[in-house]
Each structure stands twice: as C-alpha cells, then as structure tokens.
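# Structural characterization, general
These are the residues of each chain, in order.
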Amino acid sequence: MHQPPVLLENSTAVYEHYLRHRQNRLRALATHAVMGYRFRPRVTFDEGARGQLQQLLRSKQPAIFALNHLSQNDPHAVAAMAWCSPLRPLIGRVRMLAKDELFDDPEQRRKIDMMGGIPVFRGKDHGIRAVNAAGQQMMDVCARRLTRGDYLALFPEGTCNTVDPARVQAVGSGIGHIAFRAAKLGAPPALVCIGISYGERLDPSIEPTKEEVRSASFHFRRPVLELPSRPIEIARFARTELQSAVDGAVKSY
C-alpha cells in the first residue's frame, strides 16, 4: 500500500491511508513480547476492574484507552504493560494517536505503523486554525475505525506532563468528539482510564531514567460502559477518571 508523506498540506491523503491501513499483527505481537521481557511494569486494578475489563473485551464493545503522558518513553512502557495485562489479546488491533513529526523518519514510521499509529497534527506545532480540517479528519478516522472492531489508545493531555506527574493536565475535547462520533455511527465506545507513574521524581521536566521506565506502575480504573452525551462532558469526565487512575498508579509504585 502506497504511503503518502505525513504532511499537513497532505492531510486528506494521509487520513484516507490510515482509514484503510492494517498492522502486521505478528510483528506487533513479537515487539510487545520483547517489551514485556525487557520491562517489568507493575500492573494494578481498582477493585473488580480486572474482571470487568475481561468481560468488556469478550463483549466486543469498542473501547478507548486513555492514559496520562509523562515521557517520550511512555509507548515502550505501555507496550510492555499491554503484554503483561489482560490487553494482550488486543495487540495488533489497537490504534494509537501519535504526533505527526514521529512519522518523518521512514524507519521510525515503519515501527509506529506496526504499533498502530495514526498521526495527529497538533495546534501547538502548526497553529490552531491550520490544523482544524486535519483534526476533523483524524477524529472521523478514529471513530470509523472503532466501528470496524479496532480499539483506540491515546494520551488525552496531548503533551508530556513536565510540571506535576501526579496531577492530570487539561484534557482537550478530542477524546469527547471521537467517542461522540463513534456513538453516532452506532458504536458507542467504553472508556478505560489507565494511570502511569514512574515514581516520585525531583524534577519532572527531566526524562525518567531507564530503570524508572522499566519499573513503571500502571493502574486500571473500572471500564465505563456508558459515557455522557456531549463531547465536552466526555472530556471532563475522562479527566476525572484519569486522575483517579493516576492516583492509583502513584500509590502502587
């Protein structure tokens, strides 16, 4: 399949491509297995959350997995967590949002594509007005993929938290619009919030060490099967749920 360059002025072709793109599931499984071997994440759950998560996955209901964002190394730790948790059967079927600059290098793009990446053109990089149309296309692609049996993982804060890792930053309305559009298409998604912690760090603006990343703590909230009706309400709700998940991750580190 031809790969269009990931450029803002080329966004229509980009999102047409990622609406159809399929991961190499065997490679995705192998990569997650390697991450699971190299890393040793702690994975904990709210009371009853593990069973409810397993039941959700058996039900085939679409789901959005929302995580807080602490480091450029988060994707590696998340891959290890997926291998070491009830999410393992979903590997190769989860799409994840990633900033467009990560798709510049061909080799890096190959890896991100294999992991299910969908590019995001961020307002902080290109300007809010400039990315509006591309943002609408991205949200439509995510919603349509949810209707096709894929899952979606994202960092709704949109950028790394370099201020206070224990407090969730502002959450944009994107997660709400994606969930809202999927529901309009007949596939209302569940929401599963997962908190990440690398322990208490003196300076959050400095990337965590390899050892801190290897021993990351993840905490699952119970799945929420029915979300509020409006995008902004979904976003606010997601932030509250994500904060509770982060509290659990910090506590269990």
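The notes below deal with the structure included here.

### What about the packing of helix 7 (residues 128-147) against helix 8 (residues 174-184)?
At their nearest, the axes of helix 7 and helix 8 sit 8 Å apart, and the two run at 45° to each other. Between helix 7 and helix 8, the angle falls in the class oblique. Regarding helix 7 and helix 8, the two cross each other, and that crossing is right-handed. Where helix 7 abuts helix 8, its residues Gln 136, Met 138, Met 139, Asp 140, Cys 142, Ala 143, Leu 146 and Thr 147 lie against Gly 174, His 177, Ile 178, Arg 181 and Ala 182. In the contact of helix 7 with helix 8, the residues fall into seven nonpolar, four polar and two charged.

### Comments concerning the packing of helix 1 (residues 11-20) against helix 7
As a packed pair, helix 1 and helix 7 sit with axes 10 Å apart at the nearest point and diverge in direction by 10°. The angle between the axes of helix 1 and helix 7 places the two elements in the roughly parallel class. Across the interface between the two elements, Ser 11, Thr 12, Tyr 15, Tyr 18, Leu 19 and Arg 20 from helix 1 touch Ala 134, Gln 137, Met 138, Val 141, Arg 144 and Arg 145 from helix 7. Looking at the contact of helix 1 with helix 7 residue by residue, the classes come out as six nonpolar, three polar and three charged.

### Considering the nonpolar core
One finds Ile 64, Leu 97, Ile 175 and Ile 178 to be the most contacted residues of the largest nonpolar core, which totals 40 residues. It is helix 7 that contributes the most residues to this core, eight residues altogether. Residue contacts for Ile 175: discarding those within four places in its chain leaves Ile 64, Ala 66, Leu 154, Pro 156, Leu 191, Ile 234, Ala 235 and Ala 238.

### A closer look at the sheet that holds strand 1 (residues 42-45)
Reading across the sheet, the seven strands line up as 1-7-6-2-5-3-4 and stay open at both edges, with mixed pairing between neighbours. Among the strands making up the open sheet, the edge pair consists of strand 1 and strand 4 (117-120). Between one strand and the next, the sheet's axes are offset by a mean angle of 25°, whatever the strand orientation. As judged from the four bridges shared by strand 6 (residues 190-197) and strand 7 (residues 217-220), these two strands associate in the antiparallel manner. Residue Gly 195 lies in a different strand from strand 7, and its bridge partner there is His 219. Along the sheet, helix 10 (residues 231-252) contacts strand 1, strand 2 (63-67), strand 6 and strand 7; its crossing angle with strand 6, the most-contacted strand, is approximately 40°.

### Describing helix 2 (residues 25-38)
Taking 1.5 Å per residue, 14 residues should reach 20 Å; helix 2 reaches 20 Å between its end C-alpha atoms and fits that length. Looking at helix 2, one finds that the buried residues are Ala 28, His 32, Met 35 and Gly 36. All buried residues of helix 2 lie within an arc of 100° about the axis, which places them on one face of the element. Opposite the buried face of helix 2, by more than 90 degrees, sit the exposed residues Leu 26, Tyr 37 and Arg 38. On its buried face, helix 2 sits against helix 4 (74-83) and helix 5 (106-114).

### Overview of the environment of Tyr 151
Among the secondary structure elements, Tyr 151 is positioned in strand 5 (residues 151-154). Exposure remark for Tyr 151: the relative accessible area of 3% places this residue in the buried category. Spatially, the C-alpha atom of Tyr 151 lies 7.9 Å from that of Phe 65, the residues being 86 residues apart in sequence. For Tyr 151, the contacting residues outside a window of four places in its chain are Leu 57, Lys 60, Gln 61, Ala 63, Phe 65, Leu 90, Arg 93, Val 94, Arg 95 and Leu 146.

### What about the pattern of salt bridges?
Within the structure shown, the criterion is met by 11 salt bridges. In this structure, Arg 110 engages Glu 107 in a salt bridge whose closest nitrogen and oxygen atoms are separated by 2.6 Å. Pair noted here: Arg 110 and Glu 107 are both in helix 5, with a separation of three residues, about one helical turn. Overall, the relative accessible area of 39% leaves Arg 110 in the partly exposed class. Among the ionic pairs, Glu 241 bridges to Arg 221, the shortest N-O distance being 3.0 Å. With Glu 241 in helix 10 and Arg 221 in the loop between strand 7 and helix 10, this pair connects stretches of sequence that are 20 residues apart. Take Glu 241 and Arg 221: they sit in the same class, and that class is buried. Linked by salt bridges that have partners in common, Arg 22, Arg 145 and Asp 150 make up one network.

Rules used in this analysis
Residues numbered from 1 in each chain as written. Predicted model: local features only at pLDDT ≥ 70, side-chain atom pairs only at ≥ 80, totals over all residues. Heavy atoms only, no water. Axes fitted to C-alpha atoms, helices over the stretch in contact; angles between N-to-C directions. Helix = DSSP H or I, 4+ residues; strand = E, 2+ residues; numbered from the N terminus. Parallel < 35°, antiparallel > 145°, perpendicular 65-115°, else oblique. Left-handed = near helix turned anticlockwise from the far one by under 90°. Contact = heavy atoms within 4.5 Å. Nonpolar A, V, L, I, M, F, W, Y, C, P; charged D, E, K, R; others polar. Core = buried A, V, L, I, M, F, W, Y, C linked by side-chain atoms within 4.5 Å. Buried < 20%, exposed > 50% of the residue type's maximum accessible area, 1.4 Å probe, protein only. Pairing = 2+ DSSP bridges. Expected span 1.5 Å × (residues − 1). Arc of directions from axis to C-beta. Salt bridge = Lys/Arg side-chain N within 4 Å of Asp/Glu carboxyl O.

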